[in-house]
Amino acid sequence: MTATRSGPASRPGPSGPSGPGGVTADEMMTAAAARALRDGMTCFVGIGLPSAAANLARATHAPNLVLIYESGTIGAKPGRLPLSIGDGILAETADAVVSVPEIFNYWLQPGRIGIGFLGAAQIDRFGNINTTVIGDTYAQPKVRLPGAGGAPEIAASCREVIVVVRQSRRSFVDQVDFVTSVGFGDGPGSRERLGLAGAGPRKVITDLGVLEPDPETCELTLTGLYPGVSVPDVQARTGWELAVSASLDVLRPPTAAELTALRRLQAVPGSEGAA
Amino acid sequence: MVARWQGHDVSRCVHLGTWQEDMAEIVSLADAIERTVHDGDSVAMEGFTHLIPFAAGREVIRQRRRGLTLIRMTPDVIYDQLIGAGCASKLIFGWGGNPGVGSLHRFRDAVENAWPGPLGLEEHSHAGMANRYVAGASGMPFAIMRGYTGTGLDGLTGLSGQPVIQPITCPFTGERLTAVAALNPDVAVIHAQRADRSGSVQLWGITGVQKEAVLSARRSVVTVEEVVDELDPRPGAIVLPSWVVDYVAAVPGGSHPSYALGYSVRDNDSYQAWDAISRDREEFQRWLADEVFGREGGPLAGTGAAEGGHA
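Small disclaimer: the values here were computed from a predicted structure and weren't measured. All residue numbers refer to position in the chain's written sequence, counted from 1. Whichever chain is written first is A, and whichever ligand is written first is 1; the rest continue in order. It should be noted that, the model being predicted, local features are given only for residues of pLDDT at least 70 and side-chain atom pairs only at 80 or more, the latter also being counted only at that level, while totals for whole chains, interfaces and linings use all residues.

Moving on, we come to the overall build of chain B. When helices and strands are tallied, chain B shows 8 helices and 17 strands. Counting other C-beta atoms within 10 Å of its own, a residue is labelled buried from 20 upward, exposed at 12 or fewer, and partly exposed in the gap between, with every C-beta atom placed from the backbone. Taken across its 311 residues, chain B has 53% of its residues classed as buried. Residue pairs are scored as contacts if the distance between their C-beta atoms, which are placed from the backbone, is within 7 Å. Counting only contacts in chain B whose residues sit at least 6 apart along the sequence, the fraction spanning at least 24 positions is 74%. Here a strand is any run of E in DSSP of at least two residues, a helix any run of H or I of at least four, and the numbering for each starts at the N terminus.

What follows is the structure, encoded as structure tokens:
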């Protein structure tokens, strides 16, 4: 691993090869999320970017990472990215396949699972997540989103949560329109008052950098940036007055090995061949 | 089916069928749906990504059922089809999207624009839905879980206007927990790999919440890839004995574009193609006419959906 070089790398855009060495913003984000996972952890994985990141970690530095999908597949080892959380390759490669009541009641609820990996349509300064509705009222939403799925209990009961989400003023809002999954509620002490067992969000990884909750205020604070991204860039895409850490990390871009592994996983996106 | 035992209405408790333990009947899919799914019924078609009973869903559309309360943890493409076709007036659910692809456009059109009609919602998390089925299958009025605290879901009312999520205090520890009301659908419909000739059903791979759905429901239909002489053991398989199943229909490929482990693979291209088909009302109606009604019927007579793409 080489040290990060500061240089004239362009800012990663929302898509397309625009980062250092033709790295896309999604690839930067996926690699950063993968690095947040350590070998031997247990990880409750959502589909999309979280699944890509968890599988990248397993393919690189964390071969013993235990991937758990809410379809009931525990210890899944897919050789390519599944399109859904219930693709056949997950069941075929799992250590155990259990029913949906069991995955929630026996595995998630008692706090057996270390990391919960979530996405978000909206996230607020306290890491609360909305995936239900956009708009002023629940009954007549401007946009009907898919809803909760497994997220509320993952956010409540995993020992820690990592959120992976593309950053914009639409997604990073001062207050979410609907609390689907609780982060730090309305601030310090909220999770304890609500009786939520897990510690809540540990990192929010975006296409600009990384935010972490301030230990005192629980407010999401910018702690890391990708090469070429500036603090004003992030502020411009945040819907509240963003707190910035005094010591900002510059995040390493993906290594050649990480990029190769990720692109290999994605080579046949969602393919279900009988390999 | 008879839902009384010694004069007691047991239909809300457990699926007993009749006291004489009727065995399942093996019938055609059309007959199975006609005998079990009636206008206004609550219907749970389950299958977690795997073993989704798509063919049965299309048969419900073909039979032009109306006013259904659809129940499903993950109302993905199968319920997008039923909602767009005007079969449903209510939905009890946990997550309504096209997995790995994006929105369910027919579901969104119903909620956002009341097309082809309004859709009442009762919304939960997956854990809440799973526990509600467990309560229904167990003959209990509710299930207890840790969940919902601090979320917006906690304050929502159910379709009855009553809350379906309530706080409850543990009588042993005093801990505050969450109670969720039992689900007891009129009908459960699932797809499985196999049945034997007596109508006992065997499924394996990702088995989701199908056992609980069947055991919580008053009536049940199972479509299967094949009917065999003997159900030899498979790793991780569950068996639903014939006497808890009402109708079995052999429908090879009946879960497509979902899949049946050991028989087919998930047709991810179809899920991706659904995005374009469902995004546009007219495109969707062409799909209905071509793929569901075939040459036999016009699209959606009398639903308003036949009037085309006006909000």
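Helix and strand counts for chain A stand at 8 helices and 14 strands. Taken over 275 residues, chain A has a buried fraction of 56%. Counted over contacts in chain A with a minimum sequence separation of 6, partners at least 24 positions apart contribute 66%.

The next thing to look at is helix H2 (residues 49–59) of chain A. Since the α-helix advances by 3.6 residues per turn, residues separated by three or four positions end up pointing in the same direction. All names here are of chain A. By the criterion of burial, H2 is predominantly enclosed, with 10 of the 11 residues buried. When we look at burial in H2, the residues that qualify are Pro 50, Ser 51, Ala 52, Ala 53, Ala 54, Asn 55, Leu 56, Ala 57, Arg 58 and Ala 59. The inward-facing, buried residues of H2 contact helix H1 (25–35), strand S1 (42–45), strand S2 (66–69), strand S5 (115–118), strand S10 (160–164) and helix H8 (256–265).

This paragraph deals with the sheet that holds strand S14 (residues 243–250) of chain A. Strands sit in the order S4-S3-S2-S1-S5-S10-S11-S12-S13-S14 (chain A) across an open sheet of 10 strands; the sheet is mixed. Both outer strands of the open sheet, strand S4 (96–97) and S14 of chain A, are each paired with one neighbouring strand and no more. At least two bridges found by DSSP between two strands are what make those strands a pair.

Residues and elements named next belong to chain A. Bridge analysis of S1 against S2 gives 4 bridges, and the strand direction is parallel. Of the residues in S2, the one forming a bridge with Thr 42 is Val 66. Sheet topology places S1 next to S5; 3 bridges connect them, and they run parallel. When the sheet's bridge partners are listed, Val 45 is paired in S5 with Phe 117.

Here the focus is the sheet that holds strand S11 (residues 165–169) of chain B. Residue and element names in this part refer to chain B. As summarised here, the arrangement of the 3 strands in space is S10-S12-S11, forming an open sheet in which the pairing is antiparallel. Pairing within the sheet leaves two strands with one partner each, and these edge strands are strand S10 (142–145) and S11. Neighbouring strand axes in the sheet, compared pairwise and without regard to direction, differ in orientation by 35° on average. Note: S11 against strand S12 (residues 176–181), 5 bridges, orientation antiparallel. Note that in S12 the partner of Pro 167 across the bridge is Thr 178. Across the sheet, helix H5 (residues 126–138) is in contact with S10, S11 and S12; its angle to S10 comes to roughly 135°. Here an axis means a line fitted to C-alpha atoms, over the contact stretch when the element is a helix, while the angle between two N-to-C directions is reported on a 0 to 180 degree scale.

All right, on to the interface of chain B and chain A then. Chain B puts 45 residues into the contact, and the matching count from chain A is 43 residues. Residues are grouped as follows: Ala, Val, Leu, Ile, Met, Phe, Trp, Tyr, Cys and Pro are nonpolar; Asp, Glu, Lys and Arg are charged; all remaining types, including Gly, are polar. Within the side of chain B that touches chain A, the residues separate by chemical class into 18 nonpolar, 19 polar and 8 charged.

Residues and elements named next belong to chain B. Omega for the bond connecting Trp 115 with Pro 116 falls within 30 degrees of zero, at 5°, which places this linkage in the cis form. Within the secondary structure layout, Pro 116 lies in the loop between helix H4 (105–113) and strand S9 (120–123). A cis amide bond, omega 10°, links His 256 with the succeeding residue Pro 257. In this structure, Thr 49 is a non-glycine residue whose phi angle is positive, near 65°. Residue placement: Thr 49 occurs in the loop between strand S4 (42–45) and helix H2 (54–62).

Bringing the confidence of the model for chain A into the picture now. Residues and elements named next belong to chain A. Predictor confidence is given residue by residue as pLDDT, running from a minimum of 0 to a maximum of 100. Looking at chain A as a whole, its pLDDT mean stands at 89, while 89% of the residues score no less than 70. Low confidence marks residues 1–17, where pLDDT is under 50. Its contacts with residues over four positions away, or in another chain, come to 35 contacts. In the predicted structure, residues 270–275 sits below a pLDDT of 50 and forms 13 contacts with residues beyond four places in sequence or in another chain.

With that settled, the discussion passes to the environment of A:Pro253. The topology assignment puts A:Pro253 in the loop between S14 and H8. With 20 residues separating them in the primary sequence, A:Pro253 and A:Asp233 have C-alpha atoms 18 Å apart.

All names here are of chain B. Relative to strand S5 (residues 68–72), S4 runs parallel, the two sharing 3 bridges. Within the sheet, the bridge partner assigned to Val 43 lies in S5 and is Leu 70. Remark: the S4/H2/S5 crossover connection has right-handed handedness. The pairing of S4 with strand S13 (residues 187–196) spans 3 bridges and is parallel. In the strand pairing of S13, Val 43 is matched with Val 187. When the strands point away from the viewer and the path from the first strand over the helix to the second turns clockwise, the crossover is right-handed.

Turning our eyes to something else, we now look at the confidence of the model for chain B. Residues and elements named next belong to chain B. The share of residues in chain B with pLDDT of 70 or more is 88%, and the mean pLDDT across the chain is 90. Here residues 1–13 is modelled with pLDDT under 50, and outside its nearest four sequence neighbours on either side it reaches 19 contacts, counting other chains as well. Low pLDDT, under 50, characterises residues 297–311; the predicted model gives this stretch 26 contacts beyond four residues in sequence or across chains. Both scores are given for the predicted complex: the pTM is 0.90, the ipTM 0.89.

Any two packed helices are characterised by the angle at which their axes cross and by the distance between the axes. All names here are of chain A. Between H2 and H8, the least distance of the axes is 9 Å, while the angle of their chain directions is 125°. The angle between H2 and H8 places the two elements in the oblique class. Along this stretch, H2 crosses H8, giving a crossing that reads as right-handed. Listed contacts from H8 to Ala 52, Asn 55, Leu 56 and Ala 59 of H2 are Glu 258, Ala 261, Leu 262 and Leu 265. Taken together, the residues of the contact of H2 with H8 break down into 6 nonpolar, 1 polar and 1 charged. When describing relative orientation, an angle under 35 degrees is termed roughly parallel and one over 145 degrees roughly antiparallel, while 65 to 115 degrees is termed roughly perpendicular and anything else oblique. In this scheme the handedness of a crossing depends on how the near helix is turned from the far one: anticlockwise by less than a right angle means left-handed, clockwise means right-handed.

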